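# Examining the three-dimensional arrangement
This is what each chain is made of:
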Amino acid sequence: MALFKRKRKFRKKKRTNSEAIIGNVDFHREIYSRFMDKKLDVFVWMPPGYELNPSKSYPVLYMHDGQNLIDPKTSYASHDWQVDETVTRLIKEYKIKEIIVVGIYNTSERLEEYSDTEKGKKYLKFIIEELKAFVDTKYKTLSDNRNTAIMGSSMGGLVSFNAAWNHPEVFGMAGCMSSSFYYNDEKVFKMIDEYDGSKKHIKFYIDHGEDGLIRGQKMFCKLTQLGYVIGTDLDYFYARGAEHNEKEWAKRMERPLIFFFGL
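Reference entry: report on the structure contained in this document. Everything numeric here is computed off the predicted structure, so don't read it as measured data.

Rules and cut-offs
- Residues numbered from 1 in each chain as written.
- Predicted model: local features only at pLDDT ≥ 70, side-chain atom pairs only at ≥ 80, totals over all residues.
- Heavy atoms only, no water.
- Helix = DSSP H or I, 4+ residues; strand = E, 2+ residues; numbered from the N terminus.
- Rg over C-alpha atoms; globule rule 2.2 N^0.38 Å.
- Buried < 20%, exposed > 50% of the residue type's maximum accessible area, 1.4 Å probe, protein only.
- Contact = heavy atoms within 4.5 Å.
- Areas by Shrake-Rupley, 256 points an atom, 1.4 Å probe, with all protein chains shown as cover.
- Lys, Arg positive; Asp, Glu negative; His and termini not counted.
- Charge placed at Lys NZ, Arg CZ, Asp CG, Glu CD.
- Core = buried A, V, L, I, M, F, W, Y, C linked by side-chain atoms within 4.5 Å.
- Salt bridge = Lys/Arg side-chain N within 4 Å of Asp/Glu carboxyl O.
- Disulfide = S-S within 2.5 Å.

Turning to the overall build of the protein chain, a few remarks are in order. Broken down by element type, the protein chain carries 8 helices and 9 strands. Taking 2.2 N^0.38 as the reference for a compact globule, 263 residues should give roughly 18 Å; the C-alpha atoms of the protein chain span a radius of gyration of 17 Å, in line with that estimate. When the backbone C-alpha atoms are referred to their principal axes, the protein chain occupies close to 45 × 40 × 40 Å. Across the 263 residues that make up the protein chain, the buried fraction comes to 56%. Across the protein chain, contacts joining residues at least 24 apart in sequence account for 71% of those joining residues at least 6 apart. A total accessible area of about 12,100 Å² is found for the protein chain, and carbon and sulfur atoms account for 50% of it. In the protein chain, 42 side chains carry a positive charge and 37 a negative one; their mean positions are 5 Å apart.

And the structure:
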């Protein structure tokens, strides 16, 4: 049986109301992961020119908490990240490359799956060995690490950092928004401190509002001490007064997109 069996497509030219989704989207429902031994929902969003350029391949951005990214009907508190709107606008303004966005819906075990636990390791194996393998086969992707990013907020930011740090051969870019670097007694910082190898070839985007002020700055400082240079392979942003929610992350989405995929 195929891993990804059922899908539903949307073809919307523009957003005419708060419930519309801009662009071409394939929804893959209840896909089974043998590593996680459960079913997850995933969407694959394609850029406006995807079907007009049959020979062109695209970078890919993997994102967590997929239910919050493009559809206010499924998003927490009815506010989505408006990823479809922002990516489409930046492409039309010639500020970023055309990209594919893959959104992975969370499950009831989100805390464990988005952290450095056995379930977290299985979640990353699902992304790398099952989901990415499918996306690279089914869609026109640039599959190398220089063209593959991973991004999330809160615990999604933590798992994005862990994914790139532990698998730089897969993910060359990690977007960590309002990340829960405090989780599990700041285990992520201990992981960095114990590392004694050469600098990993990863571009990191770190941000926070008032929610992650101390640990966000701490992560920025640790990365600069490892040789990461702001504007080159590191970007850092403090959103003064920003709360910890989808509405605020939507406002900041433009910055990591331009940093990772800018023209």
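That shown, we press on.
Turning to the nonpolar core, a few remarks are in order. F126, F161 and F204 are the most contacted members of the largest nonpolar core, which has 49 residues in total. Element by element, the count of residues in this core is highest for helix α3 (residues 118–138), at 8 residues. Sequence-distant contacts of F204, that is, excluding residues within four places in its chain, are made with F161, A164, W165, A174, L223, Y228, D233, L234, D235 and F259. Residues L61, L90, M151 and W249 belong to the second largest nonpolar core, which totals 29 residues.

A separate point is the pattern of salt bridges. Summed over all chains, the structure comprises 24 salt bridges. For K190, the salt bridge is made with D185, and the minimal N-O distance between the two is 3.0 Å. Residue class for D185 comes out exposed when judged on its relative accessible area of 56%. Its salt-bridge partner being D193, residue K222 comes within 2.7 Å of it at the nearest N-O pair. Of this pair, K222 sits in helix α6 (residues 213–225) while D193 sits in helix α5 (residues 183–193); the two residues are 29 residues apart in sequence, bridging distant segments of the chain. A residue is classified by how much of its surface remains accessible, and K222, at 16% relative accessible area, is buried. Look at the salt bridges and you will find they share partners, linking K38, E109, E112, E113 and K119 into a network.

What follows concerns the state of the cysteines. As enumerated under the stated definition, the model contains 0 disulfides in all. There is no disulfide at C176, and the cysteine sulfur nearest it, in C221, is 15 Å away. Take C176: its relative accessible area is 0%, and that puts it in the buried class.

Among the secondary structure elements, T117 is positioned in the loop between α2 (110–113) and α3. Taking the C-alpha atoms as reference, T117 lies 9.8 Å from N184; in sequence the two are 67 residues apart.

Worth remembering: the numbers are spatial, not functional.
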